[in-house]
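The residues making up each chain are set out below.
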Amino acid sequence: MNKKLDENYYKKLLELQQLDFALVELTLYLDTHPNDLQALQQFNQLAQQRQQCATQFEMEFGPLMQFGHSFSKYPWQWVESPWPWQV
């Protein structure tokens, strides 16, 4: 079953992707600069922002991850498509 997606879906998904990219880059940086307090603070701030963004996304559009990392409303949402990695 294909769900019609509005512009907000793509906007929120892009925001999540941007946050994920920044978090990966900061992770790599912190691997070689573990004592950089400013980078660590930025990482923690973005991690919190990402968590809030993901929660909002899932409440509006459905789960992002499987294996107990995301909740599902009734009825089971994993049968609905497209999934975030398909758009």
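Residues numbered from 1 in each chain as written. Predicted model: local features only at pLDDT ≥ 70, side-chain atom pairs only at ≥ 80, totals over all residues. Heavy atoms only, no water.

As annotated in an unreviewed UniProt entry, the protein chain carries the name Spore coat protein CotJB and comes from Paenibacillus albus.

Participant: Lay out the nonpolar core in plain terms, naming residues and giving numbers.
Facilitator: Looking at soluble globular proteins, one finds that nonpolar side chains tend to be buried together. One finds Y9, L16, L46, F57 and L64 to be the most contacted residues of the largest nonpolar core, which totals 14 residues. Mapped by element, the contributors of at least two residues to this core are helix 1 (7–32) and helix 2 (37–61). Considering each element in turn, this core owes the most residues, seven residues, to helix 1. (Core = buried A, V, L, I, M, F, W, Y, C linked by side-chain atoms within 4.5 Å. Buried < 20%, exposed > 50% of the residue type's maximum accessible area, 1.4 Å probe, protein only. Helix = DSSP H or I, 4+ residues; strand = E, 2+ residues; numbered from the N terminus.)

Participant: Explain the environment of E15 to me, and be specific about the residues and the numbers.
Facilitator: Looking at the secondary structure, you find E15 in helix 1. Put simply, E15 and R50 are 35 residues apart on the chain and 8.6 Å apart in space, counted from C-alpha to C-alpha.

Participant: Describe the side chain of K12, with residues and values.
Facilitator: On the secondary structure map, K12 appears in helix 1. With a relative accessible area of 18%, K12 lands in the buried category. In contact with K12, not counting residues within four places along its chain, are C53, Q56, F57 and F61. (Contact = heavy atoms within 4.5 Å.)

Participant: Describe the pattern of salt bridges, with residues and values.
Facilitator: Inspection of every chain in the model, using the stated rule, returns two salt bridges. Two residues, R50 and D20, come together in a salt bridge whose shortest N-O distance is 2.6 Å. A residue pair is termed long-range when its members are at least 10 positions apart, and R50 in helix 2 and D20 in helix 1 qualify at 30 residues. Classification of R50 by relative accessible area gives partly exposed; the value is 21%. Overall, the relative accessible area of 30% leaves D20 in the partly exposed class. (Salt bridge = Lys/Arg side-chain N within 4 Å of Asp/Glu carboxyl O.)

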